[in-house]
Amino acid sequence: MKAEKDQKKKINKTTFATALAKGDIWVKLSTVIMGAGYFARKQIVNGILMTAVEIGFILLVVLFGVPSLSKFGTLGDVQMELKFDPLTLQSTINDYDNSFMILLTSVITLFFIFVFIMLWIWNIKLVYRLQLKKQNGEHINTFREDLRALVNDRFHITLLALPTVGVVLMNIIPILVLIAVAFTNYDQKHMPPNSLFTWVGFDNFKNLFTSSMTISFGYAFRKILGWTLLWAVLATVTTFIGGILLAKLINSATTKWPAFWRTLFVIAIAVPQFVTLLLVRNFFSDSGIVNTICANIGLTQVLRGIGLVRVNYIPFLTDPNWAKVMIILINIWVGVPYQMLIATGVLMNIPTDQIESARLDGANKFQIFCKITMPYVLFVQGPALITDFVKNINNFNVIYLLTQDVFITSDQQLAASNAKEVDLLVTWLFRLTNEYYNYKMASVIGIIVFIICAIFTLLSFSRMIAGGREEEYR
């Protein structure tokens, strides 16, 4: 029995080099015709399917990929032109190249080539395993048995197939295109189909870190990166701590009508965030209701007297410093109710024996909160806290909806790079694409954002998962 298990493990660990070196004629023939090995083992349906996949891939590359790959090095040479035909007395458009379609088609083709190579290697190994099973006299599954296995012991493969395809189409391929665009000069001056764009290497990355008389992206990037990280930390910490304190307050034995207060905050979550933010933006505008109230009660005059305001209104969302403070405060108001709900569930599961032991030892409420409650909440919500930090780095709604069409930058170097003092990297990226069609620099910024989020997430999770701290809370 043990020998059979060892034999199966040995077969399953077969490498591609071993399969290619020790495989019979049918394994070697499978390198050319992918279904040959299956036909030899009487797995006709599998053989037909693999051969059909191979033929489909060849047709896809020849008909769809090769025309674009042949121009991938230059991204096109023929620009769109309008020519007058004296015979028909009509203007016609020439057979031009579309740089973006060439780029997109080439990236998709190269991705499918990579996937096909992985499938081809896997197929050779699988055919060699069939050869070993036949030599050992083991049973080789029929096509029906393989289908039955996909709804039984290998059902996880069936379930993951569709989501995997969705991830590839919706995430991986767009990321690859984003990376490719970062190495081109794709901007408003080179907009297909009217114009062509081409490869420029690492010039865009150099420009992002360069500050000169003509290029201010380096200055803008440093300013916006610093504000983005500061915003992410403050937005995460304030809502997290605020949610815990609010949950403790509502669940306190001395609080009356806790269900009413909890429902009140849940209603705030039910209102769509973009509606809330647009209303708040109007409330805090230069001529909004909040400024009117502040002027009527004399607060505006007091602030002018101490030098915090230089105009006849409080520039809540139009002054860089005021706007940043207001954005953080409004985010606390928007985000605390959601964190309160999560914290309520966590607080209800804190081991009561630890709290009772601490009370018997003479610990007060503040010490219990600092030594037991917070460490437990941080342990349970640690992964969610990391997710919130990454989400706040890419928190588009709060920044954009509160400041769009309201805040006007006074920093000319930022304006030269199409940026504002209150921009995060993600809103700057959006502004570059949506308003200024500077896709090349937006792609570079997108790559930087991805790298920052990936590094922080990997480091945080690796430190959090390591150590086996579960025993502390059992």
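Residues numbered from 1 in each chain as written. Predicted model: local features only at pLDDT ≥ 70, side-chain atom pairs only at ≥ 80, totals over all residues. Heavy atoms only, no water.

S.K.: Which residues make up the overall build of the protein chain, and what values go with them?
M.R.: Counting secondary structure elements, the protein chain contains 21 helices and two strands. Structurally, the protein chain occupies a C-alpha span of about 90 × 90 × 40 Å along its principal axes. Out of the 474 residues belonging to the protein chain, those deemed buried represent 38%. In the form shown here, the protein chain has an accessible surface area of approximately 27,700 Å², with 67% of it arising from carbon and sulfur atoms. Here the protein chain holds 40 positive side-chain charges and 29 negative ones, and the gap between their average locations is 7 Å. (Helix = DSSP H or I, 4+ residues; strand = E, 2+ residues; numbered from the N terminus. Buried < 20%, exposed > 50% of the residue type's maximum accessible area, 1.4 Å probe, protein only. Areas by Shrake-Rupley, 256 points an atom, 1.4 Å probe, with all protein chains shown as cover. Lys, Arg positive; Asp, Glu negative; His and termini not counted. Charge placed at Lys NZ, Arg CZ, Asp CG, Glu CD.)

S.K.: Quick rundown of the side chain of Ser-68? Include the residues and the values.
M.R.: Its place among the elements puts Ser-68 in helix 5 (residues 44-69). Among all residues touching Ser-68, those that are not within four sequence positions of it are Met-101, Ile-102, Thr-105 and Ser-106. (Contact = heavy atoms within 4.5 Å.)

S.K.: Please give an account of the packing of helix 5 against helix 6 (residues 99-135) that cites residues and values.
M.R.: It is the contact of helix 5 with helix 6, at a shortest axis distance of 9 Å, that shows an interaxial angle of 155°. Accordingly, the angle class assigned to the pair helix 5 and helix 6 is roughly antiparallel. Seen from above, helix 5 lies across helix 6 with left-handed handedness. In this structure, helix 5 contributes Met-50, Val-53, Glu-54, Phe-57, Leu-60, Val-61, Phe-64, Gly-65, Ser-68 and Leu-69 to the contact, and helix 6 contributes Met-101, Ile-102, Thr-105, Ser-106, Thr-109, Leu-110, Phe-112, Ile-113, Phe-116, Leu-119 and Asn-123. (Axes fitted to C-alpha atoms, helices over the stretch in contact; angles between N-to-C directions. Parallel < 35°, antiparallel > 145°, perpendicular 65-115°, else oblique. Left-handed = near helix turned anticlockwise from the far one by under 90°.)

S.K.: I'd love a proper account of a nonpolar patch on the surface, names of residues and values included.
M.R.: There is a patch of nonpolar side chains on the surface, built from Val-271, Phe-274, Val-275, Leu-279, Phe-283, Ile-289, Ile-293, Ile-297, Leu-299 and Val-302 and spanning about 880 Å² of accessible area. If you list the elements that add at least two residues to the nonpolar patch, you get helix 12 (273-283), helix 13 (289-296) and helix 14 (299-305). With four residues, the single largest contributor to the nonpolar patch is helix 12. With respect to the element layout, Val-271 can be found in the loop between helix 11 (258-270) and helix 12. Looking at Val-271, the relative accessible area reads 36%, which means it is partly exposed. (Patch = residues over 30% accessible without salt bridge, like charges linked within 9 Å, V, L, I, M, F, W, Y side chains within 5 Å. Salt bridge = Lys/Arg side-chain N within 4 Å of Asp/Glu carboxyl O.)

S.K.: Break down unusual backbone geometry for me, citing the residues and quoting the values.
M.R.: A cis amide bond, omega 5°, links Pro-192 with the succeeding residue Pro-193. Secondary-structure assignment places Pro-193 in the loop between helix 8 (155-181) and helix 9 (203-208). Residue Asn-418 is not a glycine yet carries a positive backbone phi of 60°. Its location among the elements puts Asn-418 in the loop between helix 19 (412-416) and helix 20 (425-434). Despite not being glycine, Tyr-437 has its phi angle at roughly 55°, a positive value.

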